[in-house]
Amino acid sequence: MIIHDQELNLRNAVAVSNLGITAIKEAIDKTNVEIDMSALKTLDSSAIAVMVEWQRCAQSLNKQLHFTGVSASIISLLAVYGLQQYFTITPITPINTSL
């Protein structure tokens, strides 16, 4: 699943959460589900709540979630809340502009 919204905050957290839960449930033949978060430009702590909800949903269906394109701000929030060990994360790769 790719998150197309550029923000994830209190305003749209329920809608984004529902889209993710639907994607996790519809991945019937998959035990590994990838969620690409690279489009996110702004977020608040609601993003963490959404990720926790997706993780719970996946675990209840015996699926593994892998979050890709995760920004440094999300990783930092996970660390603040002591949750980083509960997620499989690939950080967003910065673009090298020094070439």
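Scroll up a little and you will see the structure.
**Q** Would you mind going over the sheet that holds strand 4 (residues 64-70) with me for this structure?
**A** Strands pair in a sheet through their backbones, by hydrogen bonds, and they do so in one of two ways: parallel or antiparallel. Judged by pairing direction, the sheet is parallel, and its three strands sit side by side in the order 2-4-5 without closing on themselves. Two strands in the sheet have a free side with no partner beyond their single neighbour: strand 2 (32-36) and strand 5 (89-91). On average, each strand axis in the sheet is inclined to that of its neighbour by 15°, with strand direction left out of account. For strand 2 and strand 4, the ladder comprises five bridges, and the chain directions are parallel. The partner of Asp36 across the bridge, within strand 4, is Thr68.

**Q** I would appreciate a short explanation of helix 2 (residues 46-60) in the present structure.
**A** Note on helix geometry: an α-helix contains 3.6 residues per turn, so any two residues three or four positions apart are oriented the same way. In this model, helix 2 (15 residues) spans 21 Å end to end at C-alpha, consistent with the 21 Å of a helix rising 1.5 Å per residue. Those residues of helix 2 lying buried are Ser46, Ala47, Ile48, Val50, Met51, Trp54, Gln55, Cys57 and Ala58. Buried residues along helix 2 sit against strand 1 (7-8), helix 1 (13-26), strand 2, strand 3 (42-43), strand 4 and helix 3 (72-80). Of the residues trailing helix 2, Asn62 is marked for its positive phi of about 55°.

**Q** How do you make sense of unusual backbone geometry when you look at a structure like this?
**A** With the exception of glycine, the majority of residues adopt a negative phi angle, and the majority of peptide bonds are in the trans configuration. With a phi angle near 55°, Asn62 is a residue other than glycine that sits in the positive phi range. One can find Asn62 in the loop between helix 2 and strand 4.

Conventions and cut-offs
- Residues numbered from 1 in each chain as written.
- Predicted model: local features only at pLDDT ≥ 70, side-chain atom pairs only at ≥ 80, totals over all residues.
- Heavy atoms only, no water.
- Pairing = 2+ DSSP bridges.
- Helix = DSSP H or I, 4+ residues; strand = E, 2+ residues; numbered from the N terminus.
- Axes fitted to C-alpha atoms, helices over the stretch in contact; angles between N-to-C directions.
- Expected span 1.5 Å × (residues − 1).
- Buried < 20%, exposed > 50% of the residue type's maximum accessible area, 1.4 Å probe, protein only.
- Contact = heavy atoms within 4.5 Å.

Functional significance is not addressed by these values, which are geometric in nature.
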